[in-house]
Amino acid sequence: MPFLASLLPAGARVAAEEVLVSGTPKRLLWMAMGHGHMEEHFYPTETGRWSDIQLPTGFGALERNLNHVTMVSNLSNNENQQPHGGSEALLTCANVVGFPGKAKHNSVSCDQVAAAHLGADTRYESLQLDTQDKGGEGHAGTAMSFRQDGSAIPGHQKPLAVYHKLFGGNISKEEQLHLLENRKSIFDVLNYDSSSIKRTLSREDAEKLDEYMTSVRDVETALSREEAWINVPKPKANVKLPGEGMTGEQDIRMMFKLIVTAYQTDSTRVITYRMPGTSLLQGMGIGYNPHALSHYGTNTMVHSMNEERTKKLCELFSDFIDDLRGTKDPLDPNGGTIFDNSMVYYGGGLRTAHRTLNVPALLTGGAFKDLEHGQHRKAQKENTPLANLWTTMLQDAGVPIDRFADANATASSILS
């Protein structure tokens, strides 16, 4: 079903009309692969145009799309102190184990900064996708996205759940309202005045209660948003209903299709995705999890398995680029594609083995300003803050921000 502005609520309809006048909205996507790659399989030793340098052996199917891809090296998430988990701090650029007085805490993630600016007129301010695989993935923690107070925003782990969120579950408006009222009633019970009980709590418990109440208020806001959109029909599904038991490659490919559809229907403009690793390997006939593969040593058999994993991840990414480039953007008055109006990061918080510096960073999409794809670029200084890239993506999307997290500049000098 095409995007139909006349079906939006009045306020969102005005905003959509303004978009057509002022320009096409930008879409942002951050994807984390978990554990990184062996150096010779994924990371080029030279900089420059892909056509002029020796390609890593693991690129495989990605080669056909290299004119639409940029790799940036020397970007480090300098605050991350978790060598077994990179994605928990990937988008916050925070030391989650270094907050005074707290065993583990986080700060706001850059996708949520983007969502606050880009998500006002979409059904969902942002969308979080997650893996069903647990243990040894290189992700750590419960989420990739974090609210302003540092509390986690868990993601949908199954394509079927994402499908129902985007397209509904074939229930009437009356049934939807009934479900919303029931959920709101539950939160009415939870949303008590906490000021009196806080006086009897320790500082640590009071902070926990504040975080809990913030999460409750966020859920209430989401429920109110759902109610505001209740009269706007959800788009007609243009993908098949996912199977309940999807895992591994099948799971990833379906999530990719749902991401494209979410953008095409303007259901959201900000998405994060923590990708599965173990089930992907199992589907390839590899009995190791990503963490076990990261301890490759001199074992040539494990080296070969790592290369096959890298090739598979590059193949999936390349196919996803094909989908982005082949899907028209209904909000683009010039007939552009979803690719043309998106900024996509494909990487993670871990490089090789358990290295947390110089993390993998592949970029695609046509919405980066002054970025000509088809090259490997390198920041002049080692351990240039990864937050420089997040700052640039936010600014290119129109978010009014000078710096994000520990950024000390933008990434424009690297990308232009």
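Residues numbered from 1 in each chain as written. Predicted model: local features only at pLDDT ≥ 70, side-chain atom pairs only at ≥ 80, totals over all residues. Heavy atoms only, no water.

## A look at the overall build of the protein
Stage number 1. Within the protein, the regular secondary structure consists of 13 helices and 12 strands.
Stage number 2. For the protein, with 416 residues in total, the buried portion stands at 52%.
Stage number 3. Long-range pairs, those at least 24 residues apart, make up 71% of the contacts in the protein with a sequence separation of at least 6.
Stage number 4. Accessible area for the protein stands at about 17,800 Å²; split by element, carbon and sulfur atoms hold 50% of it. (Helix = DSSP H or I, 4+ residues; strand = E, 2+ residues; numbered from the N terminus. Buried < 20%, exposed > 50% of the residue type's maximum accessible area, 1.4 Å probe, protein only. Contact = heavy atoms within 4.5 Å. Areas by Shrake-Rupley, 256 points an atom, 1.4 Å probe, with all protein chains shown as cover.)

## Describing the sheet that holds strand E8 (residues 270-274)
Stage number 1. Pairing is mixed across the open sheet formed by 8 strands, whose spatial order is E2-E11-E3-E10-E9-E1-E8-E5. If you trace the sheet from one side to the other, it starts and ends with strand E2 (48-49) and strand E5 (127-129), each paired once.
Stage number 2. With 4 bridges connecting them, strand E9 (residues 342-347) and strand E10 (residues 361-364) associate as antiparallel partners. Of the residues in E10, the one forming a bridge with Tyr-346 is Leu-362.
Stage number 3. Lying over the sheet, helix H12 (residues 387-396) contacts strand E1 (27-32), E9 and E10, oriented at roughly 160 degrees with respect to E9. (Pairing = 2+ DSSP bridges. Axes fitted to C-alpha atoms, helices over the stretch in contact; angles between N-to-C directions.)

## Some details on helix H3 (residues 110-118)
Stage number 1. Extensive coverage of H3 is indicated by the burial of 7 of its 9 residues.
Stage number 2. Along H3, the positions that sit buried rather than exposed are Cys-110, Asp-111, Gln-112, Val-113, Ala-114, Ala-115 and Leu-118.
Stage number 3. Buried residues along H3 sit in contact with E1, E5, strand E6 (145-146), strand E7 (152-153), E8 and H12.

## Describing the packing of aromatic side chains
Stage number 1. This structure, assessed with the given rule, holds 9 aromatic pairs.
Stage number 2. Ring plane angle 85 degrees and centroid distance 6.1 Å describe the contact between Trp-30 and Trp-390, whose orientation is recorded as edge-to-face. Placement of the pair is Trp-30 in strand E1 and Trp-390 in helix H12, with a sequence separation of 360 residues. Trp-390 carries the same exposure label as Trp-30, and that label is buried.
Stage number 3. Between the aromatic rings of Tyr-345 and Trp-390, the centroid separation amounts to 4.9 Å while the plane-to-plane angle is 90 degrees, which identifies the pairing as edge-to-face. Placement of the pair is Tyr-345 in strand E9 and Trp-390 in helix H12, with a sequence separation of 45 residues. Residues Tyr-345 and Trp-390 agree in their burial class; the two are buried.
Stage number 4. Each member of the aromatic cluster is reached from another via a ring pair, and the members are Phe-42, Tyr-43, Trp-50 and Phe-59. (Phe/Tyr/Trp six-rings, centres within 6.5 Å; stacked < 30°, edge-to-face > 60°.)

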